[in-house]
Amino acid sequence: MAGSSWMRSLVIRPIKALAGRLRDYGFAWDGLLKAREVEEHSNELLNEIYLQEENNMRMKSFPSLEEVEQIIGYNFNDRDLLEEAFTHPTYKGSCFSYRRLEYVGDSVLNLLITKEQFFLYPDFSPGLLSPLRAANVDTEKLARVAVQHKLHRYLRHRHPVLINQIQEFIAVLPRHPLHSNGLINAPKFLADIVESTIGATFVDSNSSIDTTWKVAKGLLQPLITPELLGAHPVKKLYETCQKNGLKVRVVDRWLKEGAYEIIVGNRLKGRGSCRSKKEIALNRAANNAYEELVRELGLKDSVGGYG
């Protein structure tokens, strides 16, 4: 199994190294287990462990997908689409995953939000509509939707790391009740299952825009309105510095340290880190610098919005 290669290396490499050291010191390997025999024996043990894990996972009962239909308020004609929408690529024993439906859902959701905002805000220019749409369909917003409706409970997968990522994501949400504006590292797979659900609804309903929007709108509540739209941390920082005649310099330490530093007026004002996502590290650094400037200069925090 490909997934077990790293575990095999933990067993096999030390044994081979030991064999080499014994030969170097004149010991006969014939009196001990040969490296090949040990490797084969180790492989057999590892395969038995993984087979047992596979059997345990197969016996694990997932919540019924009928509950998903109740959550979204739509009954599928083709239940296979719903199953596909909640099947992660790591789920072994399945020949499909949610990726194709996610692809459809991503495009459809952008169209639906664009249509809604076009008629809802007739006086808004594209420059105002674009960030508003982005805030309602980005990874963090959709990941929040998945958690809010507990859709993650229905995801079929074979990757324990995903569970840890969900727990870490849920733990930081109270700090930013509506949206963090780029400060939270949201798990993409949570956003994926929201998009795949919308994609599955679109396909199952014979490409009905009205039916799909009814499902999507119910899931996305509360939608982020112009009044609730927060300002991006990098934008806030640069606008504040420009108004106060301050020079900003960004120090990129991401490759080595997974971090950014913000220098304002030759002084370190903020540092942010995120090893998995460069953009989030920069946003956190900018936010830290902005908050420090607000304190030093006695400024009023800019919450954003189109007021």
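Structure: above.
Everything in this summary refers to the structure shown in the same document.

**What to know about the sheet that holds strand β2 (residues 259–264)**
(1) Moving on: Taken in spatial order, the three strands make up an open sheet running β1-β2-β3, and their pairing is antiparallel. The strands lining the two open edges of the sheet, one partner per strand, are β1 (248–253) and β3 (267–273). Strand-to-strand, the axes of this sheet are offset by a mean angle of 20°, without reference to chain direction.
(2) Moving on: The sheet contact formed by β2 and β3 spans six bridges and is antiparallel.

**What to know about the packing of aromatic side chains**
(1) Moving on: A full pass over the atoms with the stated rule returns four aromatic pairs.
(2) Moving on: Ring geometry for Tyr74 against Phe76: centres 5.0 Å apart, planes inclined by 85°, an arrangement best described as edge-to-face. Per residue, the accessibility class of Tyr74 equals that of Phe76, and both read buried.
(3) Moving on: Ring centres of Phe118 and Phe119 lie 5.2 Å apart, and the angle between their planes is 90°; on these two criteria the pair is classed as edge-to-face.
(4) Moving on: Phe118 sits in the exposed class, given a relative accessible area of 53%.
(5) Moving on: Classification of Phe119 as exposed rests on a relative accessible area of 60%.
(6) Moving on: In this arrangement the basic side chain of Arg153 is found over the ring face of Tyr154, its NZ or CZ atom lying 5.3 Å from the centre.

**Focus on the side chain of Thr240**
(1) Moving on: Position of Thr240 among the secondary structure elements: in helix α11 (residues 233–243).
(2) Moving on: Thr240 sits in the buried class, given a relative accessible area of 11%.
(3) Moving on: When sequence neighbours within four positions are dropped, the list of residues in contact with Thr240 reads Tyr290 and Leu299.

Calculation rules
Residues numbered from 1 in each chain as written. Predicted model: local features only at pLDDT ≥ 70, side-chain atom pairs only at ≥ 80, totals over all residues. Heavy atoms only, no water. Pairing = 2+ DSSP bridges. Helix = DSSP H or I, 4+ residues; strand = E, 2+ residues; numbered from the N terminus. Axes fitted to C-alpha atoms, helices over the stretch in contact; angles between N-to-C directions. Phe/Tyr/Trp six-rings, centres within 6.5 Å; stacked < 30°, edge-to-face > 60°. Buried < 20%, exposed > 50% of the residue type's maximum accessible area, 1.4 Å probe, protein only. Lys NZ or Arg CZ within 6 Å of the ring centre and 35° of its normal. Contact = heavy atoms within 4.5 Å.

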